[in-house]
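As a plain string of letters, each chain reads:
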Amino acid sequence: QVQLVESGGGLVQAGGSLRLSCAASENIFSIDVMGWYRQAPGKQREKVAGITSGGSTTYVDSAKGRFTISRDNAKNMVYLQMNSLKPDDTGVYYCYVRKGIYVYWGRGTQVTVSS
């Protein structure tokens, strides 16, 4: 079982930046996909960004050009650099990994963007 711990959330003004970090409890070198989801109040959880073991990335349309996902296999870390933040980016951000048929989640970190 992979344990994930997120950090880096907080309160920021619109236009600001945050960098989210996700620490995995085991070596991530061979993990298929890692990434981030977010859940805004009253809304369903949506996928924000993902990165494969080969380094391919995907983003939700609203994040393209503003967010960058990266992974550091040596440190067992995944990051989400978020720039030009908007109030609509507010929510709880969850790190996830897909390992084979299993999906593991972190507990989330709150991101609040004020207008």
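Our subject is the structure listed above.
Predicted model, so just to flag it, every value in this text is computed and none were measured.

Engineer: Describe the environment of Ala23, naming the residues involved and giving the relevant values.
Structural biologist: The topology assignment puts Ala23 in strand β3 (residues 18-24). Under the relative-accessibility criterion, Ala23 is labelled partly exposed at 30%. Separated by 22 residues in the primary sequence, Ala23 and Arg45 have C-alpha atoms spaced 21 Å apart. The contacts of Ala23, once residues within four sequence positions are left out, are Gln3, Leu4, Val5, Asn76 and Met77.

Engineer: An account of the nonpolar core is needed here, citing residue identities and associated values.
Structural biologist: Of all hydrophobic cores here, the largest spans 27 residues; its most connected members are Leu4, Trp36, Phe67, Leu80, Met82 and Tyr93. Here this core gets four residues from one element, more than from any other, and that element is β3.

Engineer: Give me the lowdown on the sheet that holds β3, citing residues and values where you can.
Structural biologist: Strand order in this open sheet of four strands is β1-β3-β8-β7, and the pairing throughout is antiparallel. The open sheet has two free edges, formed respectively by β1 (4-7) and β7 (67-72), since each of these has just one partner strand. Across the sheet, the mean angle from the axis of one strand to that of its neighbour is 15°, orientation sign disregarded. In this sheet, strand β8 (residues 77-82) lies alongside β3 in antiparallel orientation, the contact comprising six bridges. Considered in β8, the bridge of Cys22 is made with Val78.

Engineer: Describe the pattern of salt bridges, naming the residues involved and giving the relevant values.
Structural biologist: Applying the stated rule across the entire model yields five salt bridges. Ionic pairing is found between Glu46 and Arg38, a salt bridge with its closest N-O pair at 2.7 Å. Salt bridges sharing common partners tie together Arg38, Glu46, Arg66 and Asp89.

Calculation criteria
Residues numbered from 1 in each chain as written. Predicted model: local features only at pLDDT ≥ 70, side-chain atom pairs only at ≥ 80, totals over all residues. Heavy atoms only, no water. Helix = DSSP H or I, 4+ residues; strand = E, 2+ residues; numbered from the N terminus. Buried < 20%, exposed > 50% of the residue type's maximum accessible area, 1.4 Å probe, protein only. Contact = heavy atoms within 4.5 Å. Core = buried A, V, L, I, M, F, W, Y, C linked by side-chain atoms within 4.5 Å. Pairing = 2+ DSSP bridges. Axes fitted to C-alpha atoms, helices over the stretch in contact; angles between N-to-C directions. Salt bridge = Lys/Arg side-chain N within 4 Å of Asp/Glu carboxyl O.

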